[in-house]
Amino acid sequence: MTQSAVSVRAVTQHFTVEGQSTVALDAIDLEIPPGQFVALVGPSGCGKSTLLSLVAGLRLPTGGTLLCNGEPIVGPVPQRIGMIFQEANLLPWLTALENVAFPLKLRGVPKRERLEAARAMLELTGLGNFADRLPHQLSGGMKQRVSIGRGLVQDPGVLLLDEPFAALDEQTRMVLGDEVLRIWARTGKTVMFVTHNLSEAVYLADRIIVFSARPGRIVDDVPVDLPRPRTFSMMSSERFGALKDRIWAHIRDADH
Amino acid sequence: MRYLEPLLVAVGVCGIFGLWEAMVAGGIINARIAPPPSTIAPMLVELLGRANVIRSLGVTLYEVAVAFLISVPVGFFIGFTLAEMPGLGAVFRPVVNFLFGVPKSIFLPIFILIFGVGIEQKIAFGVFTTVFVLILGGISAVESVPRELVTVARAYGANRLQVVREIYLPAMAPVLLESARLGMIFNITAVLLAEIYGARDGIGYRIAGWGESLQMPQLYAALAIVATLAIAVNELLQQLETRLGAWRQRPA
């Protein structure tokens, strides 16, 4: 058996807010093989974003272990795991190119080398002509493309996307979804993608993990057996609808 | 269009001076209270040629500069500390806020008692006035740093020092410069006030003297010099602020 790209073993996360302890994640087990595109869905506050920040090493779980390629995750390992946030969160004083190069700068990669790598990433995400723009000169979709470039620039094996298109309009969301699929098909990365949008989850993923409301537990693990490449017309197919219905049933039951 | 605005300003200023001159000549304005520009201008040139005036200007500039160089690090440091330490901030931030609102001039007699009327007193009073502006500026600068950007930096492996250098400093720079500029305005005001109130030298001391002896051309010429210097310092800091804060501009 091949080793999982990401392993989540009996992970529990408690939060204490104003003296009250809540269980955000309760005994989560999840194995993600390399190259799989996994969508995480569930009602608001089910802890799916929390799970992502645990995989990113931004916090440590209350209990359980997380592994990346078999090695424990005890802090951010940006060379292995790239994180893309809901808001593009670009550094507003850096150009698009410098933003993409930022993770390399933190690692001490020489300027010429890192800008060269960043330029290649901007080409990949279709922003080759906007390298010298500042974030406030870019549209929401373009900013998110820069942010994806920043996530990819160190060529990490695992890409985490935390509701990356939630703040974008429907058309931009569709276009960027296809873009992520194209990049994924080309690079073969393992992807964990948190979303509220069920169509987006079914359209993009190989597999959909459905969470319950607090305490967050995995209530379903849905393989998406639609052929690739995914096309727009699939979204109106019966199979697509059936998958969405299956997920929706869980979320409707959970979200009171 | 870009050259039109300064041109209009120049025309406006010349207009005011012209009007002033005419009104003095016509007896509408008393030349004893407001001598015409044609009297003030030669006086200005004369004053700039006097060694003691130049020395006084030097004393004032020295006091302003030293007070500013002390206020900036001290004020920002206190501001950062209060912003980053919630417990300390909860206690001292209201105090700073209250003190900021108190007119500092009422403390001048105390400063004379402690420091005398020399340069030290001007510097101390300048710092006392300016530091509150910079403390408040330091606090709001820290609070202006977007938390999400700190998270981004951490997710990409930034250590503490890198978070400060790559996120905090650039994010805070425009706010810091803005409060430094504001602080400088308070600083110049405080030093001049202290000089006018009680001093042995400095341009404020000269201004007070000319005012008391009703030497109006000297007084107006000195006002022109001080105003020009203050505007120049302010413009310089504003330019810096605009350059370092270009990224803050909203899309057109």
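This section reports on the structure supplied with the text.

Reading the values: the criteria
The written sequence of each chain sets the order in which its residues are numbered from 1. Chain A is the first chain written and ligand 1 is the first ligand written, with later ones labelled in order. Selection of residues for local features in this predicted model requires a pLDDT of at least 70, selection of side-chain atom pairs for listing and counting requires 80 or more, and totals for whole chains, interfaces and linings are taken over all residues. In computing side-chain values, all of the structure's heavy atoms are included and hydrogens and water are not. When checking whether two residues touch, look at their non-hydrogen atoms; a contact exists if any pair is within 4.5 Å. Each of two parts loses accessible area, computed with a 1.4 Å probe, when they are put together; buried area is these two losses added. We define a salt bridge as a contact between a side-chain nitrogen of Lys or Arg and a carboxyl oxygen of Asp or Glu at a distance within 4 Å. Polar contact is defined as a pair of N or O atoms within 3.5 Å, subject to the rule that within protein one atom must be able to donate a hydrogen and the other to accept it, and that residues adjacent in sequence are counted only when both atoms are side-chain atoms. For the purposes of this entry, the term helix denotes a DSSP run of H or I that reaches at least four residues, the term strand denotes a run of E that reaches at least two, and both are numbered from the N terminus. Each residue receives one of three labels: charged for Asp, Glu, Lys and Arg, nonpolar for Ala, Val, Leu, Ile, Met, Phe, Trp, Tyr, Cys and Pro, and polar for the others, Gly being one of them. Two strands pair if DSSP finds at least two bridges between them. To obtain an axis, a line is fitted to C-alpha atoms, over the contacting stretch when the element is a helix, and the angle between two such axes runs from 0 to 180 degrees between their N-to-C directions. Residues enter a patch when their relative accessible area is above 30% and they make no salt bridge; the linking distance is 9 Å between like charges and 5 Å between nonpolar side chains (Val, Leu, Ile, Met, Phe, Trp, Tyr). Residue exposure ignores everything except the shown protein chains as possible cover, and the areas themselves are Shrake-Rupley values with a 1.4 Å probe. The buried label goes to any residue with under 20% of its type's maximum accessible area, the exposed label to any with over 50%, and the partly exposed label to all in between, with areas taken from a 1.4 Å probe on protein chains only. Two rings from Phe, Tyr or Trp (for Trp, the six-membered ring) form a pair when their centres are within 6.5 Å of each other. A pair whose planes differ by under 30 degrees is stacked, one over 60 is edge-to-face, and the rest are tilted. Throughout, the term roughly parallel applies to angles under 35 degrees, roughly antiparallel to angles over 145, roughly perpendicular to angles from 65 to 115, and oblique to all others.

We now examine the interface of chain B and chain A. Contacts between the two partners involve 20 residues from chain B and, on the opposite side, 20 residues from chain A. Each partner contributes to the roughly 1,900 Å² buried at the junction of chain B and chain A, and carbon and sulfur atoms together form 70% of this total. Among the residues chain B hides against chain A, the three largest losses belong to Tyr-156, Glu-166 and Trp-247 of chain B. Together they make up 39% of the total. A salt bridge links Glu-166 of chain B to Lys-105 of chain A, with the shortest nitrogen-to-oxygen separation between them at 3.0 Å. Where chain B packs against chain A, one counts 4 residue pairs in polar contact (both at pLDDT 80 or more). Of all elements in the fold, only helix 7 (147-155) and helix 8 (160-197) of chain B reach the threshold of two or more residues within the side of chain B that touches chain A. The element best represented in the side of chain B that touches chain A is helix 7 of chain B, accounting for 7 residues. Its residues placed into classes, the side of chain B that touches chain A shows 12 nonpolar, 4 polar and 4 charged.

It is worth spelling out the sheet that holds strand 6 (residues 81-84) of chain A at this point. Residue and element names in this part refer to chain A. Ordered in space as 6-7-8-3-9-10, the 6 strands form an open sheet in which the pairing is mixed. With partners counted over all chains shown, the strands left at the sheet margins are strand 6 and strand 10 (218-223), one partner each. If you compare each strand with its neighbour and ignore which way they point, the axes differ by 15° on average. Sheet topology note: the strand 3 (residues 37-41)/strand 9 (residues 207-211) ladder contains 4 bridges and is parallel. Within the sheet, the bridge partner assigned to Leu-40 lies in strand 9 and is Ile-209. Those strands touched by helix 1 (residues 48-55) are strand 3, strand 6, strand 7 (158-162), strand 8 (190-194) and strand 9, and its axis lies near 145° from that of strand 8.

Turning to a nonpolar patch on the surface, a few remarks are in order. All names here are of chain B. Where nonpolar side chains cluster on the molecular surface, the patch consists of Met-85, Leu-88, Val-91, Phe-92, Val-95 and Leu-99 and spans about 490 Å² of accessible area. Inspection of the secondary structure assignment puts Leu-88 in helix 4 (residues 86-101). Classification of Leu-88 as partly exposed rests on a relative accessible area of 36%.

What follows is about the sheet that holds strand 2 (residues 20-32) of chain A. All names here are of chain A. Sheet architecture is open: 4 strands sit in the order 2-1-4-5, paired in antiparallel fashion. Only two strands of the sheet have a single partner each, and these edge strands are strand 2 and strand 5 (71-72). The pairing of strand 4 (residues 63-68) with strand 5 spans 2 bridges and is antiparallel. Paired with Cys-68 across the bridge in strand 5 is Glu-71.

Further remarks concern the packing of aromatic side chains. Applying the stated rule across the entire model yields 13 aromatic pairs over all chains. Geometrically, the ring pair formed by Phe-165 of chain A and Phe-193 of chain A is edge-to-face, given 5.8 Å between the ring centres and 65° between the ring planes. A residue pair is termed long-range when its members are at least 10 positions apart, and Phe-165 of chain A in the loop between strand 7 and helix 5 (170-187) and Phe-193 of chain A in strand 8 qualify at 28 residues. With relative accessibility at 0%, the residue Phe-193 of chain A sits in the buried group. With centroids separated by 6.5 Å and ring planes inclined at 40°, the aromatic side chains of Phe-125 of chain B and Phe-128 of chain B adopt a geometry described as tilted. In this pair, Phe-125 of chain B and Phe-128 of chain B both sit in helix 6 (residues 119-143), 3 residues apart, roughly one turn of the helix. Phe-125 of chain B gets classed as buried once you look at its relative accessible area, which sits at 1%. With relative accessibility at 21%, the residue Phe-128 of chain B sits in the partly exposed group.

All names here are of chain B. Direction vectors running N to C along helix 5 (residues 108-115) and helix 8 enclose 75°, while the axes themselves pass 11 Å from each other. If you check the angle between helix 5 and helix 8, you find them roughly perpendicular. Contacts from Leu-108, Pro-109 and Ile-112 of helix 5 reach helix 8 at Leu-193, Ala-194 and Tyr-197. Residue composition of the contact of helix 5 with helix 8, by class: 6 nonpolar, no polar and no charged.

Let us now look at the pattern of salt bridges. Two side chains of opposite charge can pair, provided their charged atoms sit close to one another. Counted by the stated rule, this structure contains 19 salt bridges over all chains. Between Arg-217 of chain A and Asp-26 of chain A there is a salt bridge; the shortest N-O distance is 2.8 Å. One end of the pair, Arg-217 of chain A, is in the loop between strand 9 and strand 10; the other, Asp-26 of chain A, is in strand 2, and 191 residues separate them in sequence. Judged by relative accessible area, which is 41%, Arg-217 of chain A ranks as partly exposed. Linking Asp-201 of chain B and Arg-55 of chain B is a salt bridge whose minimum nitrogen-to-oxygen distance equals 3.1 Å. Of this pair, Asp-201 of chain B sits in the loop between helix 8 and helix 9 (203-212) while Arg-55 of chain B sits in helix 3 (residues 51-84), and the two are 146 residues apart along the sequence.

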